[in-house]
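Residues per chain are reported as follows:
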Number of protein chains: 2
Amino acid sequence: MLAFIFASKYLHIMEIRRDVFQAIADPTRREIIRLIATQPVKINTIAERFDVTRQAISLHLKILSECGLLHIRQSGRERLCEAKLEKLIEVHDWVEQYSKLWKGRLKALKNFVEQEELQSKIIKKNKRNKINQIKKSKK
Amino acid sequence: MLAFIFASKYLHIMEIRRDVFQAIADPTRREIIRLIATQPVKINTIAERFDVTRQAISLHLKILSECGLLHIRQSGRERLCEAKLEKLIEVHDWVEQYSKLWKGRLKALKNFVEQEELQSKIIKKNKRNKINQIKKSKK
DNA sequence: AATTTGCGCAGGTAAATGCTTGCATTTATA
DNA sequence: TATAAATGCAAGCATTTACCTGCGCAAATT
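Caption draft 1: How the structure looks around the relation of the copies chain A and chain B. When chain A is brought onto chain B, the operation consists of a screw motion whose angular component is 179° and whose axial shift is 0.1 Å, with 0.2 Å RMSD remaining. The superposition operator between the copies reduces to a two-fold rotation axis. For chain A, the minimum C-alpha distance to the rotation axis belongs to Ala25(A) and amounts to 3.0 Å. The fraction of interface residues of chain A whose copies in chain B are also interface residues reaches 97%, indicating that both copies meet through the same surface.

Caption draft 2: Geometry of the packing of aromatic side chains. Counting across every chain of the model gives four aromatic pairs over all chains. Each ring, one from Trp94(A) and one from Tyr98(A), has its centre 5.2 Å from the other, and the planes form 75°; the classification is edge-to-face. A residue pair is termed a helical-turn pair when its members lie 3 or 4 positions apart in one helix, as Trp94(A) and Tyr98(A) do in helix α6 (residues 89–138) at four residues. Among the aromatic residues, ring-to-ring pairing joins Phe21(A), Trp94(A) and Tyr98(A) into one connected group. Just above the ring of Phe21(B) sits the side chain of Arg30(A); from NZ or CZ to the centre is 4.0 Å.

Caption draft 3: How the structure looks around the side chain of His92(B). The residue His92(B) is located in helix α6 (residues 89–138) in this model. For His92(B), a relative accessible area of 15% puts it in the buried group. In contact with His92(B), not counting residues within four places along its chain, are Val95(A), Glu96(A) and Trp102(A).

Caption draft 4: Representation of the sheet that holds strand β2 (residues 70–75) of chain B within the structure. If you trace the three strands from one edge of the open sheet to the other, you get β1-β3-β2 (chain B), paired in antiparallel fashion. Bordering the open sheet on either side are β1 (41–42) and β2 of chain B, each of which pairs with just one other strand.

Caption draft 5: Molecular detail of the sheet that holds strand β1 (residues 41–42) of chain A. Residue and element names in this part refer to chain A. As summarised here, the arrangement of the three strands in space is β1-β3-β2, forming an open sheet in which the pairing is antiparallel. The sheet is open, and its two borders are formed by β1 and β2 (70–75), each paired with just one other strand. Examined bridge by bridge, β1 and strand β3 (residues 78–83) share two bridges and lie antiparallel to one another. Counterpart to Val41 in the pairing with β3 is Cys81.

Caption draft 6: Here's a closer look at the interface of chain A and chain B. Each side of the interface is counted separately: chain A has 36 residues, and chain B has 36 residues. Carbon and sulfur atoms supply 66% of the area buried between chain A and chain B, which totals about 3500 Å² over both sides. One can count two salt bridges joining chain A with chain B. A salt bridge links Arg30(B) to Asp19(A); its shortest N-O distance comes to 3.2 Å. At the level of secondary structure, the elements contributing two or more residues to the side of chain A that touches chain B comprise α1 (2–14), α2 (20–23), α3 (27–36) and α6 of chain A. The element contributing the most residues to the side of chain A that touches chain B is α6(A), with eleven residues. Residues that form the side of chain A that touches chain B fall into these classes: 20 nonpolar, four polar and twelve charged.

Caption draft 7: Main features of the protein's contact with DNA strand D. As a structural note, the neighbourhood of DNA strand D is formed by 21 residues, with Ser58(A), Arg79(A), Thr53(B), Gln55(B) and His60(B) the closest of them. Atoms of DNA strand D within 4 Å of the protein belong to the sugar or the phosphate in 71% of instances, the rest to bases. Within the side chain of Asp26(B), an N or O atom sits 3.0 Å from a phosphate oxygen of DNA strand D. Residue Thr53(B) places a side-chain N or O atom 2.4 Å away from a phosphate oxygen belonging to DNA strand D. Of all elements in the fold, only α4 (43–48), α5 (54–66) and β3 of chain A together with α5 (54–66) of chain B reach the threshold of two or more residues within the surface near DNA strand D. Each residue belonging to the surface near DNA strand D can be placed in one class, and the counts come to three nonpolar, eight polar and ten charged.

Caption draft 8: Here's a closer look at the protein's contact with DNA strand C. Near DNA strand C there are 21 residues, and of these Thr53(A), Gln55(A), His60(A), Ser58(B) and Arg79(B) occur at the shortest range. Taken together, the sugar and phosphate atoms account for 66% of what DNA strand C places within 4 Å of the protein. Gln22(A) places a side-chain nitrogen or oxygen 3.1 Å from a phosphate oxygen of DNA strand C. Thr53(A) has a polar side-chain atom sitting 2.5 Å from a phosphate oxygen of DNA strand C. Contributions of two or more residues to the surface near DNA strand C are made by α5 of chain A together with α4 (43–48), α5 and β3 (78–83) of chain B.

Scoring rules and cut-offs
Residues numbered from 1 in each chain as written. Chains lettered and ligands numbered in written order. Predicted model: local features only at pLDDT ≥ 70, side-chain atom pairs only at ≥ 80, totals over all residues. Heavy atoms only, no water. Least-squares fit on C-alpha atoms with pLDDT ≥ 70 in both. Contact = heavy atoms within 4.5 Å. Phe/Tyr/Trp six-rings, centres within 6.5 Å; stacked < 30°, edge-to-face > 60°. Helix = DSSP H or I, 4+ residues; strand = E, 2+ residues; numbered from the N terminus. Lys NZ or Arg CZ within 6 Å of the ring centre and 35° of its normal. Buried < 20%, exposed > 50% of the residue type's maximum accessible area, 1.4 Å probe, protein only. Pairing = 2+ DSSP bridges. Buried area = accessible area lost by both parts, 1.4 Å probe. Salt bridge = Lys/Arg side-chain N within 4 Å of Asp/Glu carboxyl O. Nonpolar A, V, L, I, M, F, W, Y, C, P; charged D, E, K, R; others polar. Near = heavy atom within 4 Å. Polar contact = N/O pair within 3.5 Å; in protein donor to acceptor, adjacent residues only side chain to side chain.

See the structure below:
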């Protein structure tokens with residue numbers, strides 16, 4: 001428990017601020033992942049697709065590489081960037097634990113709404129009966 | 001196409017820098033989500049669980065709220081934070097499109113490794129036969 | 001009515017992020 | 001061998017982030 005408090009206090013200092021969640025937070029980096037998802041691509045080719053300098057893209061690639069989302073392979077004077085999509089399992093698993101919760105809730109909500117509808121129908125029916133009774137008694 | 005280039009150029013200016021990916025990038029915010037995932041919790045109760053000030057936590061809650069991951073409900077002088085986990089669908093779907101790719105690759109890799117093993121066995125077998133032949137001829 | 005509790009808001013700081021320009025280095029190629 | 005191409009590295013800058021302290025205000029509690 002103490003360790004937990006300690007860890008949470010110094011998390012922003014201790015932790016290498018390069019986890020997968022951090023890496024995919026940036027839209028440019030997500031776009032890079034999309035580009036290299038199916039086949040390895042040269043650094044320059046990636047850079048050409050964006051309107052920022054090659055250096056800026058290089059930095060993004062470094063971040064992605066540092067957190068294990070891609071691997072850079074030297075090939076002559078070129079460098080090929082290959083996606084390591086398995087690293088996304090971390091994110092997948094994290095979301096998955098909550099998807100169970102929200103799916104459960106949606107189901108519960110659906111049941112609730114259906115129950116409400118049923119109740120509302122019964123009330124309406126009773127109301128109609130009462131109105132009919134009043135009408136009858138007026139006659 | 002032009003629109004895409006334009007969009008990608010000004011993405012970091014145009015975009016409200018508060019998307020779900022950005023929100024879950026911070027470990028403190030992920031921990032907050034964990035705390036309120038199953039039931040609504042008061043702001044102060046959340047803040048007590050961390051070693052930073054209430055104000056810092058309040059800011060995190062604001063960010064989570066702005067991107068739709070939680071809803072703050074006033075209840076007298078208290079404020080209850082309720083998780084809106086459905087918002088994680090965005091992340092879920094994004095990861096899912098790549099999970100298909102990485103699963104496919106792992107399968108391909110498995111096949112490749114199995115093939116390699118088979119090849120290696122055949123080679124070893126051939127080698128063994130040769131050695132035996134040599135041994136035989138020596139005798 | 002006075003105090004406590006639960007919060008928001010404003011202003012300030014240090015570090016991180018995202019980008020730039022300029023220069024060095026290695027490897028193909030004319 | 002000179003040159004072009006593909007890249008890395010370093011220094012600098014604006015913006016954002018993740019904190020902090022201090023203050024104010026309204027709803028409960030005493």
